[in-house]
Amino acid sequence: MEQSSDIPMSASAAVLKPSEPMPDFAVTVEGPNFDEEITLQKLLESYKRIGFQANSLGKAIDIVNKMRKWRLADEPIAEDESEEYRSQEVRENTKCNVFLGYTSNLISSGLREVILHLVKHKHVSALVTTAGGIEEDFIKCLGKTYLADFNLDGADLRRRGMNRIGNLIVPNDNYCKFEDWLTPILDAMLAEQKETGQVWTPSSFIRRLGKEINDEESVYYWAYKNDIPVFCPALTDGSIGDMLYFHSFKHPGLIVDIVQDIRNLNELSRRSRKAGMIILGGGVCKHQIANAMLIRNGADFSVYINTGQEFDGSDSGARPDEAVSWGKIRAGSESVKVYADATLVFPLLVAATFAQRDS
């Protein structure tokens, strides 16, 4: 049988399907050129065109830079603007309030020093974290955390009094030191509460500990010094909870009011002329900030960095667009989720944004 030399039309049409022309605004994919001298800043700038999560990190850098550079003076004065915000000087000094949230393991890691830099230099307006995110900062002032391995035997570590956080190790003696440090402070706080009738909130509790630690290596020392509120709605979910539990037997009566703090956080959000959220991880810290944004009909700028997936319906894994549906991120505002371990990418994000000197 003679073979045909003609290409089958159906196969040709399937394989050689013509493309529509690309629009003028389309961006081509391109990576960094290491044949040229390249700085960290140039490398990070190149992420915008690499694709995949590098592209997402590049977008996150742009959004954070917009957060930090925005001023009310950039916008025209509205007809119904209050007298307070009609002054040009006031408008030039009214910035976007940046709400930073992070999970406790990130304070256990070396990201603690990155977060400390942001607080020390007043780059953020409020912090939201979990109990471990509070206590691990103070515990690090009392004893060291060490690099280890994910595969260490749990039973052996327990026998030796070693606590594993991923591939980090915290000797249990550090928690004993924390109890010795915290207990007399709790005694003093209870005495002051009885004397004044003023109960504590999680944020005032943390502020007091930041004052008491008096150590420049502490995130919450700098939060105290710079009057940056730290919110921790799950304050008892960790070693602090253990200490409060023990203290309630010896000296009952200490009250920590979470209702006043939700008012304080929500009001800070509501009064923000522009609000941005940077959230590392998920859980309580992510949703507490996002829910506060609902009070003002959504955040203006949003950056999520986590490894969560949305297929299980969790808030931790949800993409920014889900928050838009709830009114927690404003429709049409700038937002991005970077699917990555925050310890990998957050130092790069800070290097390209907050660590840059303003021109």
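Rules of the game
Residues numbered from 1 in each chain as written. Predicted model: local features only at pLDDT ≥ 70, side-chain atom pairs only at ≥ 80, totals over all residues. Heavy atoms only, no water. Helix = DSSP H or I, 4+ residues; strand = E, 2+ residues; numbered from the N terminus. Buried < 20%, exposed > 50% of the residue type's maximum accessible area, 1.4 Å probe, protein only. Axes fitted to C-alpha atoms, helices over the stretch in contact; angles between N-to-C directions. Parallel < 35°, antiparallel > 145°, perpendicular 65-115°, else oblique. Contact = heavy atoms within 4.5 Å. Nonpolar A, V, L, I, M, F, W, Y, C, P; charged D, E, K, R; others polar. Pairing = 2+ DSSP bridges. Expected span 1.5 Å × (residues − 1).

Please provide a residue-by-residue account of unusual backbone geometry, values included.
You will see that Lys122, though not glycine, has its phi angle at about 60°, which is positive. Among the structural elements, Lys122 can be located in the loop between α6 (111-120) and β2 (126-128). On the basis of relative accessible area, Lys122 is assigned to the exposed category, the value being 57%. The backbone phi angle of Asn214 is positive, close to 50°, even though this residue is not glycine. Under the relative-accessibility criterion, Asn214 is labelled exposed at 57%.

I'd like a rundown of the packing of helix α7 (residues 131-142) against helix α10 (residues 202-213), residues and numbers included.
Where α7 meets α10, the closest approach of the two axes is 11 Å, and the angle between their N-to-C directions is 10°. Classified by the angle between their axes, α7 and α10 sit roughly parallel to one another. Of α10, the residues touching α7 (which contributes Ile134, Phe138 and Cys141) are Ile206, Leu209, Gly210 and Ile213. The class makeup of the residues in the contact of α7 with α10 is six nonpolar, one polar and no charged.

So what's going on with the sheet that holds strand β1 (residues 97-102)? Residues and values would help.
Read from one edge of the open sheet, six strands run β6-β2-β1-β7-β8-β9, paired in parallel fashion. The strands lining the two open edges of the sheet, one partner per strand, are β6 (230-231) and β9 (329-339). Sheet analysis places strand β7 (residues 275-280) next to strand β8 (residues 299-306), joined by five bridges and oriented parallel. Residue pairing across strands places Gly276 opposite Phe301, the latter belonging to β8. Helix α13 (residues 258-270) rests against β1, β2 and β6 of the sheet, and its axis sits at about 135° to β1.

Kindly report on α10, identifying the contributing residues and their values.
Taking 1.5 Å as the rise per residue, α10 with twelve residues should run 16 Å; its terminal C-alpha atoms sit 16 Å apart, in good agreement. Taken as a whole, α10 has its buried residues at Pro202, Ser203, Phe205, Ile206, Arg208, Leu209, Gly210 and Ile213. Along its buried surface, α10 packs onto α7, α9 (173-196), α11 (219-225), β6, α12 (239-250) and α13. Asn214, located one to two residues past α10, shows a positive phi value of around 50°.

Break down the sheet that holds strand β4 (residues 162-165) for me, citing the residues and quoting the values.
With respect to topology, three strands assemble into an open sheet ordered β3-β5-β4, the strand pairing being antiparallel. Edge strands, defined here as strands with exactly one partner in the open sheet, are β3 (146-147) and β4. Here four bridges tie β4 to strand β5 (residues 168-171), and the two strands are oriented antiparallel to one another. Following the sheet pairing, Ile165 is matched in β5 by Leu168.

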